[in-house]
Amino acid sequence: MSTTADTKRPQRGLAGLQRFGRSLMLPIAALPAAGLLLRLGQDDMLGRWDATADIAKVLAAAGGGLFDWLPLLFAVGIAVGFARKGDGSTGVAAVVGFIVFSKVVQVFAPIEEIEGFEPTAGWYLAPIKWPYSVLSGVVVGLVTAVVWQRFYRVKLPPYLAFFGGRRFVPIVNSVALLLLGVVFGLVFPVIDAGIHNLGELATSDAVIGGGVYGVLNRLLIPIGLHQLLNVPVWFVFDGGDINNFFAGDPDAGAFMTGFFPIFMFALPAAALAIWQTARPSQKKVVGGIMITGALTAFLTGITEPIEFSFMYVAWPLYLIHALLTGISLALVNALDIHLGFTFSAGGIDFLLNAGADAASKAWLLIPIGLVYAAIYYLLFRWVITKWNLRTPGREADDDESPANGDNADGTGGGAEAGDATRDVPGSTEPTEQTKKG
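Nothing here was measured: the structure is a model prediction, and the numbers come from that model.

Engineer: Where do I start with the overall build of the protein in this structure?
Structural biologist: Looking only at helices and strands, the protein has 17 helices and 0 strands in total. Each of the 437 residues in the protein was classed as buried or not, and the buried ones make up 49%. At a minimum sequence separation of 6, the contacts of the protein that also span at least 24 residues come to 72%. For the protein, the accessible area works out to roughly 20,700 Å², and carbon and sulfur atoms hold 65% of it.

The structure is reproduced here in structure tokens:
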């Protein structure tokens, strides 16, 4: 029985989680700019005027392209960031693995051909090119990092030496992810059918159905399957919630209204809590990302920059977020508040659609949102500190060690009186002072 080995296992697991959290920051940092570019390029923004129509297309193409390829960004970012001593060859292996994995999964689940899909309705409804969306990038990135660390120094016989070392990693990675793609592809149709049935159930009652839908909508984002629930609810069942809202139906908006308090107020408050709980040395970096993400969420309703920052590394927060989102949708439906969006539940859509024929009591979303902001900030801050969750800026550096005379527990250390047993760095021999003692 080895107590030392048992102690090291949790430490290694925590270190791995911290590395994973840091590796997520690279793709996350690209999202705010992508969201703003994409929103400005929509038909109800710069696209509404002939003079700026071409500029809008360019901006929409730039921002939309990043979102279209978001799974690949996560695959490369995680692979390079998670692998110890990862380099450019790690990124190449991730690209190879992602292409193999995504194409194999689509053999079983070509979900870009969803019935009732409206690809012209905005980027949220663009064809889904990769099953499991960002989850596929996370899986590929982690597998690539593990494969790279295991095989990047492999030596082959002289006649195969060209394919050894770093060149061997993409070969092994493609085989591993081919097999994994088969597994994910076989499971996907079952998940697809279950989500479709849940979508039909959600439309039967506005309060209960809206609440259930809100929870499931958030819970499905980490695995990239939320669109399978959104499309039937927004465009198919009973004519589609978005279609009905802009057709003037006063009962429409049951599956859109409750997102406004979350996207405009609650998640920006969560971003503030994440920033405020970061370590002092990391607050400047984390603050830049979180403030930009908060502004993006408030204005455009694009929440991925904030949600991806904690959905994997601090999953208890994400479960709380999903539950509170469901409560928001149930609450606004119970209060008979109606509002819709063409893009997402951000401030721009709020201003554009609050005066629509089907909108009613939209002003109530502002006080509800402010209450939600207070709840999110206080709850997120308490949970992060109470459970010591590794949100951005709270990860320990790989090379972090006690310094400046401090022990690992934060108490004073160093050359105190009687501390005559300190060894010389890099040596197992005691010092002269120890010998004399």
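Text resumes after the structure shown.
Engineer: Looking at this model, I keep getting lost on the pattern of salt bridges. Mind explaining?
Structural biologist: Once the charged atoms of two side chains with opposite charge are near each other, the side chains can pair. Applying the stated criterion across every chain, the model contains 1 salt bridge. Arginine 218 serves as the salt-bridge partner of glutamate 307, at 2.7 Å between the closest nitrogen and oxygen. Here glutamate 307, found in helix α13 (residues 304-307), pairs with arginine 218, found in helix α8 (residues 206-219); they are 89 residues apart in sequence, far enough to count as distant. Of the two residues examined, glutamate 307 and arginine 218, each falls in the buried class.

Engineer: Is there a simple way to explain the packing of aromatic side chains in this structure?
Structural biologist: Here the distance between the centres and the angle between the planes together describe a pair of aromatic rings. In the structure shown here, the tally under the stated rule is 15 aromatic pairs. Ring centres 6.1 Å apart and planes at 65 degrees place the aromatic pair phenylalanine 260 and phenylalanine 350 in the edge-to-face group. A residue pair is termed long-range when its members are at least 10 positions apart, and phenylalanine 260 in helix α11 (residues 259-276) and phenylalanine 350 in helix α15 (residues 347-353) qualify at 90 residues. Given the relative accessible area of 1%, phenylalanine 260 is considered buried. With a relative accessible area of 11%, phenylalanine 350 lands in the buried category. The interplanar angle of 50 degrees and the centroid separation of 5.9 Å between the aromatic rings of phenylalanine 310 and tyrosine 318 together place this pair among those described as tilted. Across the pair, tyrosine 318 and phenylalanine 310 agree in class, each one buried. By the ring-pair criterion, three or more aromatic residues cluster together here, those being Phe310, Tyr318, Tyr372, Tyr376 and Phe380. Here the guanidinium or amino end of arginine 48 rests over the ring plane of tryptophan 49, the centre of that ring lying 5.5 Å away.

Engineer: How should I be thinking about the side chain of histidine 338 in this particular structure?
Structural biologist: Mapped onto the fold, histidine 338 is located in the loop between α14 (315-334) and α15. Residue class for histidine 338 comes out buried when judged on its relative accessible area of 8%. At 2.8 Å, the side chain of histidine 338 and the backbone oxygen of alanine 252 are in polar contact. A polar contact of 2.7 Å, which involves the side chain of histidine 338, links it to the side chain of aspartate 336. Among all residues touching histidine 338, those that are not within four sequence positions of it are Phe245, Pro250, Asp251, Ala252, Thr257, Ala358, Ala359 and Ser360.

Engineer: Whenever I open this one, the environment of arginine 381 confuses me. Can you help?
Structural biologist: With respect to the helices and strands, arginine 381 occurs in helix α16 (residues 365-386). Filtering out sequence-adjacent residues up to four positions away, arginine 381 remains in contact with Ala273, Gln276, Thr277 and Tyr376.

Engineer: Hey, could you run me through helix α12 (residues 283-300) in this one?
Structural biologist: For an α-helix, the turn length of 3.6 residues means that residues three or four places apart are oriented alike. For α12, built from 18 residues, the straight-helix expectation of 26 Å at 1.5 Å per residue is met to within 8% by its first-to-last C-alpha distance of 25 Å. Listed as buried for α12 are Val286, Gly287, Ile289, Met290, Gly293, Ala294, Thr296, Ala297 and Thr300. The first or second residue beyond α12 is glycine 301, which carries a positive phi of 80 degrees.

Engineer: What is the right way to look at a nonpolar patch on the surface in this model?
Structural biologist: There is a patch of nonpolar side chains on the surface, built from Val107, Phe108, Val183, Leu186 and Val187 and spanning about 440 Å² of accessible area. Elements supplying a minimum of two residues to the nonpolar patch: α5 (88-108) and α7 (168-202). Among the elements that make up the nonpolar patch, the one with the highest residue count is α7 (3 residues). Relative to the helices and strands, phenylalanine 108 is located in helix α5.

Engineer: Help me understand the nonpolar core, please; the structure alone is not making it clear to me.
Structural biologist: Within soluble globular proteins, side chains that are nonpolar tend to cluster in buried spots. If you look at the biggest cluster of nonpolar residues, it comprises 100 residues, and the most contacted ones within it are Phe310, Tyr312 and Tyr376. Counting residues per element, this core draws most heavily on α11, which supplies 13 residues. Counting residues domain by domain, this core receives three or more from each of domain 1 (14-188) and domain 2 (205-396).

Engineer: Could you clarify how one ought to interpret helix α6 (residues 133-151) in this entry?
Structural biologist: With 19 residues, α6 extends 27 Å between its outermost C-alpha atoms, agreeing within 8% with the 27 Å of an ideal straight helix rising 1.5 Å per residue. All buried positions along α6 are accounted for by Val134, Leu135, Ser136, Gly137, Val138, Val139, Val140, Gly141, Thr144, Ala145, Val147 and Trp148.

Engineer: Looking at this model, I keep getting lost on the packing of α14 against α16. Mind explaining?
Structural biologist: Packed helices, taken two at a time, are described by the angle their axes make and the gap between the axes. Two elements in contact, α14 and α16, have axes separated by 12 Å at closest approach and are oriented at 160 degrees. In terms of axis orientation, α14 runs roughly antiparallel to α16. Crossing of α14 over α16 shows right-handed handedness. Contact with α14, carried on its side by Leu317, Ile320, His321, Leu324, Thr325, Ile327, Ser328, Leu331 and Val332, involves Leu365, Ile368, Tyr372, Ile375, Tyr376, Leu379, Phe380, Val383 and Ile384 of α16 and no other residues of that element. Among the residues forming the contact of α14 with α16, the class breakdown is 15 nonpolar, 3 polar and no charged.

Engineer: Is there a simple way to think about the environment of histidine 321 in this case?
Structural biologist: By secondary structure assignment, the location of histidine 321 is in helix α14. Histidine 321 sits in the buried class, given a relative accessible area of 0%. Taking the C-alpha atoms as reference, histidine 321 lies 9.1 Å from glutamate 307; in sequence the two are 14 residues apart. The residues touching histidine 321, leaving out its near neighbours within four places in the chain, are Arg218, Ile262, Leu267, Glu307, Phe310, Tyr376 and Phe380. A polar contact of 2.7 Å, which involves the side chain of histidine 321, links it to the side chain of glutamate 307.

Engineer: Could you clarify how one ought to interpret the packing of α11 against α12 in this entry?
Structural biologist: One way to put it is that α11 packs onto α12 with a least axis distance of 8 Å and a crossing angle of 180 degrees. Between α11 and α12, the crossing angle belongs to the class labelled roughly antiparallel. Touching Phe263, Met264, Phe265, Pro268, Ala271, Ile274, Trp275 and Gln276 of α11 are Lys283, Val286, Gly287, Met290, Ile291, Ala294, Ala297 and Phe298, all from α12. Taken together, the residues of the contact of α11 with α12 sort by class into 13 nonpolar, 2 polar and 1 charged.

Quick notes on the rules
- Residues numbered from 1 in each chain as written.
- Predicted model: local features only at pLDDT ≥ 70, side-chain atom pairs only at ≥ 80, totals over all residues.
- Heavy atoms only, no water.
- Helix = DSSP H or I, 4+ residues; strand = E, 2+ residues; numbered from the N terminus.
- Buried < 20%, exposed > 50% of the residue type's maximum accessible area, 1.4 Å probe, protein only.
- Contact = heavy atoms within 4.5 Å.
- Areas by Shrake-Rupley, 256 points an atom, 1.4 Å probe, with all protein chains shown as cover.
- Salt bridge = Lys/Arg side-chain N within 4 Å of Asp/Glu carboxyl O.
- Phe/Tyr/Trp six-rings, centres within 6.5 Å; stacked < 30°, edge-to-face > 60°.
- Lys NZ or Arg CZ within 6 Å of the ring centre and 35° of its normal.
- Polar contact = N/O pair within 3.5 Å; in protein donor to acceptor, adjacent residues only side chain to side chain.
- Expected span 1.5 Å × (residues − 1).
- Patch = residues over 30% accessible without salt bridge, like charges linked within 9 Å, V, L, I, M, F, W, Y side chains within 5 Å.
- Core = buried A, V, L, I, M, F, W, Y, C linked by side-chain atoms within 4.5 Å.
- Domains from an automatic or database assignment.
- Axes fitted to C-alpha atoms, helices over the stretch in contact; angles between N-to-C directions.
- Parallel < 35°, antiparallel > 145°, perpendicular 65-115°, else oblique.
- Left-handed = near helix turned anticlockwise from the far one by under 90°.
- Nonpolar A, V, L, I, M, F, W, Y, C, P; charged D, E, K, R; others polar.

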